[in-house]
Amino acid sequence: MSLQDESMLPRPEASHDIIMKGRKSLEITGVKEVESFDNEEFLLETSMGFLSVRGHQLHIKNLDVHEGVIAIEGKVDDLVYVDQSQGKSKGFLGKLFK
């Protein structure tokens with residue numbers, strides 16, 4: 001099987017878990033894509049829908065694209081699942097003028 005054949009195989013649906021330690025550290029599994037991020041908000045596509053992580057001085061500690069795991073550090077204020085139709089249709093300008 002060639003590398004190209006392997007990339008065309010469907011990936012098994014990853015389990016989605018969130019581990020938060022003291023509002024300062026998050027580990028999220030089941031991440032399909034990092035849609036956008038800055039020091040105040042991360043928008044992640046997970047196997048359970050779009051997840052918005054908001055806070056202050058947020059940054060990526062670790063990202064494993066192959067395994068679908070991200071670790072975020074900073075002060076976490078809230079975690080919100082966004083309706084999939086809202087999350088995708090917003091686009092760049094919708095996110096800019098929220």
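Residues numbered from 1 in each chain as written. Predicted model: local features only at pLDDT ≥ 70, side-chain atom pairs only at ≥ 80, totals over all residues. Heavy atoms only, no water.

A. Fine view of the nonpolar core. Core analysis: the biggest nonpolar cluster contains 11 residues, these being Leu-26, Ile-28, Val-31, Phe-42, Leu-44, Leu-51, Val-53, Leu-58, Ile-70, Ile-72 and Val-76. Elements with a contribution of two residues or more to this core: strand 2 (25-29), strand 4 (41-46), strand 5 (49-64) and strand 6 (69-82). Those residues in contact with Leu-44 that lie beyond four places of it in its chain are Ile-28, Glu-33, Val-34, Gly-49, Phe-50, Leu-51, Ile-70 and Ile-72. (Core = buried A, V, L, I, M, F, W, Y, C linked by side-chain atoms within 4.5 Å. Buried < 20%, exposed > 50% of the residue type's maximum accessible area, 1.4 Å probe, protein only. Helix = DSSP H or I, 4+ residues; strand = E, 2+ residues; numbered from the N terminus. Contact = heavy atoms within 4.5 Å.)

B. Representation of a nonpolar patch on the surface in the model. Side chains of Ile-18, Met-20, Met-48, Leu-79 and Tyr-81 sit close together on the surface and give an oily, nonpolar patch of about 460 Å² of accessible area. Elements supplying a minimum of two residues to the nonpolar patch: strand 1 (18-21) and strand 6. Tracing the backbone through its elements, the reader meets Tyr-81 in strand 6. (Patch = residues over 30% accessible without salt bridge, like charges linked within 9 Å, V, L, I, M, F, W, Y side chains within 5 Å. Areas by Shrake-Rupley, 256 points an atom, 1.4 Å probe, with all protein chains shown as cover. Salt bridge = Lys/Arg side-chain N within 4 Å of Asp/Glu carboxyl O.)

C. Layout of the pattern of salt bridges. Tallying each qualifying case throughout the model produces 3 salt bridges. The shortest N-O distance in the salt bridge between Arg-23 and Asp-77 comes to 3.0 Å. Here the residue Arg-23 occupies a position in the loop between strand 1 and strand 2, and Asp-77 occupies one in strand 6, the gap between them amounting to 54 residues. On the accessibility criterion, Arg-23 (41% relative accessible area) is partly exposed. A salt bridge links Lys-61 to Glu-73; the shortest N-O distance between them is 3.7 Å. Placement of Lys-61 in strand 5 and of Glu-73 in strand 6 is noted, with a sequence separation of 12 residues between them. Looking at Glu-73, the relative accessible area reads 25%, which means it is partly exposed.

D. Inspection of the packing of aromatic side chains at higher detail. All told, the structure shown has 1 aromatic pair when counted by the stated rule. Both rings, one in Phe-37 and one in Phe-42, keep their centres 5.4 Å apart while their planes meet at 20°; by these two values the pair is stacked. On the basis of relative accessibility, which here comes to 0%, the residue Phe-42 falls in the buried class. (Phe/Tyr/Trp six-rings, centres within 6.5 Å; stacked < 30°, edge-to-face > 60°.)

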